[in-house]
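An overview of the molecular structure
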Amino acid sequence: MKVELVTIGDELLLGFTVDSNSAHLGRVLSTIGVEVERRTTVGDDTGAIIDALREALDRSGAVISTGGLGPTTDDVTRQAVATLFGRRLTPDSAIAERLRAWWVERGLPGELPASNLAQALVPDGAVILENRHGTAPGLWLEDERGRWVAVLPGVPREMRGMLEEELLPLLVARTAAAGNPRTVVRSRTLRTTGIAESVLAGRLHELSRDALAAELAYLPGANGVDLRLTVRDQSAGAADALLERAAALVRAAVGRYVYGEGEADLAAIVLDSYRLRGWRIAVAESCTGGMLGERLTTPAGSSDVFEGGVISYDNRVKTRLLGVGQEMLEIHGAVSESVARQMASGVRERLTTAVGVGITGVAGPGGGSASKPVGTVWIGLDVEGSVIARLFHLVGDRTEIRQRATQAALRMLLDASS
């Protein structure tokens, strides 16, 4: 089965809200063999919604829309889909009664406003998709040619609940009734860091799609490149076996640069590794301004590994709290190997930990020079008195450079514990 998605809302077009619904729908629908062919986004305009739904129906005959089912004047999806199918909107007494009960249960003053009762209007002949997570019900409308539109709310929590409880069972039943074999789609993501996308492509060049028996997608980001593997088969067991084999081939080709799978967080992996060793970590940060400390304290239970840190943004902090020599700063500058090493050793000694990290660099957009352009970052690592430092030339805007520097420090920490 192939479907199109139509997401509705001015906030999506203006960029104030990220369209997470489409991503979730694509992932979940693929698991039951439903393929999303196209995604369209339109604003809160009745005419635009009707046009988008009509065009999608003409192409695929199956459409899922999200958004525009609320009680405010810009929620016009209900009217648009009724117009498209030539149906009259009629109040549903059961929905209206449920809305009134919801109002009373929450102790809200007065009677339920008329605007809220608009959510009880249902196009003639529509199947109501119950919303157990909010007030606006969903709708399923089908024409005489068997073409259909499923209408879901735009609130992600409500949409996801209704998808799981109402829409997926309908789609599975429809596929089974048509006698079509369901294609199982399985995906797996391997997370890498410390290796460029072009270098990864070179290492994986020999692994053709036929050899992998899987689709391979490169997903670069500030923290590294994710490698997403996707397989399709009519048997879940066969699909999982193909995926396991493909992942093993990729891991063998990429090696140590793969640090985890799925939503794995490098900071959490570092903490687990150091916990096993009984090592504690202290950090000294300049250009990252506390990002490394934030990453290391986000996972639960980090207090048994992470001691604390110093945000040594000004050179006076580097000298007073970390023991960086003034003469060294004058000779080599704050962004230098010697300063990064002293920052790492200084914070380790002062906080009496096994490991210290020092980060100093030029995050931009200003402050760079011919010898130290924006993106120049030195990271020092002191492990029980053994000190190393690495130079990185990072790309991106100020935020991306700081994120990449933080991830590079975590990679160094992981390497030191393995």
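This write-up is about the structure you can find in this document. This one's a predicted model, so the numbers in the text were calculated from it and none came from an experiment. (Residues numbered from 1 in each chain as written. Predicted model: local features only at pLDDT ≥ 70, side-chain atom pairs only at ≥ 80, totals over all residues. Heavy atoms only, no water.)

The next thing to look at is the overall build of the protein. Secondary structure assignment for the protein yields 16 helices and 17 strands. Its C-alpha radius of gyration of 28 Å places the protein more than 25% over the 22 Å reference for a compact globule of 418 residues. Along the first, second and third principal axes, the C-alpha set of the protein runs to 80 × 60 × 40 Å. The contacts in the protein between residues at least 6 apart in sequence include a share of 67% that link residues at least 24 apart. (Helix = DSSP H or I, 4+ residues; strand = E, 2+ residues; numbered from the N terminus. Rg over C-alpha atoms; globule rule 2.2 N^0.38 Å. Contact = heavy atoms within 4.5 Å.)

Strands sit in the order β10-β11-β9-β12 across an open sheet of 4 strands; the sheet is antiparallel. If you trace the sheet from one side to the other, it starts and ends with β10 (215-221) and β12 (258-261), each paired once. Taking each pair of neighbouring strands and ignoring which way they run, the sheet shows an average axis angle of 25 degrees. Where strand β9 (residues 184-192) lies against strand β11 (residues 224-233), 9 bridges are found, and the strand directions are antiparallel. (Pairing = 2+ DSSP bridges. Axes fitted to C-alpha atoms, helices over the stretch in contact; angles between N-to-C directions.)

With omega at 5 degrees, the peptide bond leading from Gly364 into Pro365 counts as cis. Along the polypeptide, Pro365 turns up in the loop between β15 (355-361) and β16 (376-383). Located in the positive-phi region is Thr352, a residue other than glycine, with phi close to 50 degrees. Of note, Thr352 is situated in the loop between α15 (337-350) and β15. Residue Glu384 is not a glycine yet carries a positive backbone phi of 50 degrees.

The tally for this structure, following the rule as stated, stands at 3 aromatic pairs. Taking 4.4 Å as the distance between ring centres and 15 degrees as the angle between the ring planes, the aromatic pair formed by Trp140 and Trp148 counts as stacked. You'll find Trp140 and Trp148 in the same group, each marked buried. Taken together, a centroid distance of 5.5 Å and an interplanar angle of 65 degrees make the contact between Tyr274 and Trp279 edge-to-face. (Phe/Tyr/Trp six-rings, centres within 6.5 Å; stacked < 30°, edge-to-face > 60°. Buried < 20%, exposed > 50% of the residue type's maximum accessible area, 1.4 Å probe, protein only.)

Here the focus is a negative patch on the surface. Side chains of Asp10, Glu11, Asp45 and Asp74 sit close together on the surface and give a patch of like negative charge. Mapped onto the elements of the fold, Glu11 is located in helix α1 (residues 10-13). (Patch = residues over 30% accessible without salt bridge, like charges linked within 9 Å, V, L, I, M, F, W, Y side chains within 5 Å. Areas by Shrake-Rupley, 256 points an atom, 1.4 Å probe, with all protein chains shown as cover. Salt bridge = Lys/Arg side-chain N within 4 Å of Asp/Glu carboxyl O. Lys, Arg positive; Asp, Glu negative; His and termini not counted. Charge placed at Lys NZ, Arg CZ, Asp CG, Glu CD.)

On to the pairing of strand β17 (residues 386-393), then. Examined bridge by bridge, β16 and β17 share 8 bridges and lie antiparallel to one another. Bridge assignment links Val377 to a residue of β17, and that residue is Phe392. Here β16 hands over to β17 after 2 residues, with Glu384 in that stretch at a positive phi of 50 degrees.

Applying the stated criterion to the full structure yields 28 salt bridges. Here Arg174 makes a salt bridge to Glu142, at a shortest N to O gap of 3.0 Å. Within this pair, whereas Arg174 is found in helix α7 (residues 156-177), its partner Glu142 is found in strand β7 (residues 138-142), the two being separated by 32 residues in sequence. On the basis of relative accessible area, Glu142 is assigned to the partly exposed category, the value being 30%. Linking Arg348 and Asp382 is a salt bridge whose minimum nitrogen-to-oxygen distance equals 2.9 Å. Separated by 34 residues along the polypeptide, Arg348 in helix α15 and Asp382 in strand β16 bring together distant segments of the chain. There is no split in this pair, since Arg348 and Asp382 are both buried. Ionic contacts of the salt-bridge type, sharing partners, join the residues Glu130, Arg132, Glu165 and Glu166 into one network.

The probe, sized like a water molecule, is rolled over the atoms to show the empty space still left. Put simply, the largest pocket is a space of about 1,000 Å³. The wall of the largest pocket is formed by 36 residues, among which Gly26, Arg27, Ser30, Val185 and Ser187 lie closest to the centre. Listed by contribution, the elements that provide at least two residues to the lining of the largest pocket are β1 (2-8), α2 (20-30), β2 (35-42), β9, β10 and β11. The biggest single contributor to the lining of the largest pocket is β9, with 6 residues. Grouping the constituent residues of the lining of the largest pocket by class yields 11 nonpolar, 12 polar and 13 charged. Looking at the second largest pocket, its volume works out to about 520 Å³. Surrounding the second largest pocket, 24 residues form its lining, Thr193, Gly194, Ile195, Leu394 and Arg404 being those nearest its centre. Elements with a contribution of two residues or more to the lining of the second largest pocket: β10, β11, β17 and α16 (398-417). For the lining of the second largest pocket, the element with the most residues is α16, which contributes 5 residues. For the lining of the second largest pocket, the class distribution of residues is 11 nonpolar, 7 polar and 6 charged. (1 Å grid on protein atoms, 1.4 Å probe; cavity = no way out; pocket = protein on both sides within 12 Å on 5 of 7 lines; lining within 4 Å. Points joined across faces, edges and corners; volume = space filled by probe spheres on them. Nonpolar A, V, L, I, M, F, W, Y, C, P; charged D, E, K, R; others polar.)

This paragraph deals with the environment of Ile64. Its location among the elements puts Ile64 in strand β3 (residues 62-66). Accessibility expressed as a relative area gives 0% for Ile64, which makes it buried. The sequence separation of Ile64 and Val36 amounts to 28 residues, and the corresponding C-alpha distance is 9.7 Å. The contact partners of Ile64, leaving out residues within four places of it in the chain, are Glu4, Leu5, Val6, Leu25, Leu29, Trp148, Ala150, Leu152 and Leu167.

Our next topic: the sheet that holds β2. The 6 strands are arranged β2-β1-β3-β8-β7-β6 in an open sheet whose pairing can be described as mixed. Sheet topology places β2 and β6 (127-129) at the edges, where each strand pairs with a single neighbour. Shown here is a sheet whose adjacent strand axes are inclined to one another by a mean of 20 degrees, direction ignored. In this structure, β1 lies alongside β3, joined through 4 bridges in parallel fashion. Residue Thr7 lies in a different strand from β3, and its bridge partner there is Thr66. Each of β1, β2 and β3 touches α2; the most contacted strand, β1, lies at about 160 degrees to it.

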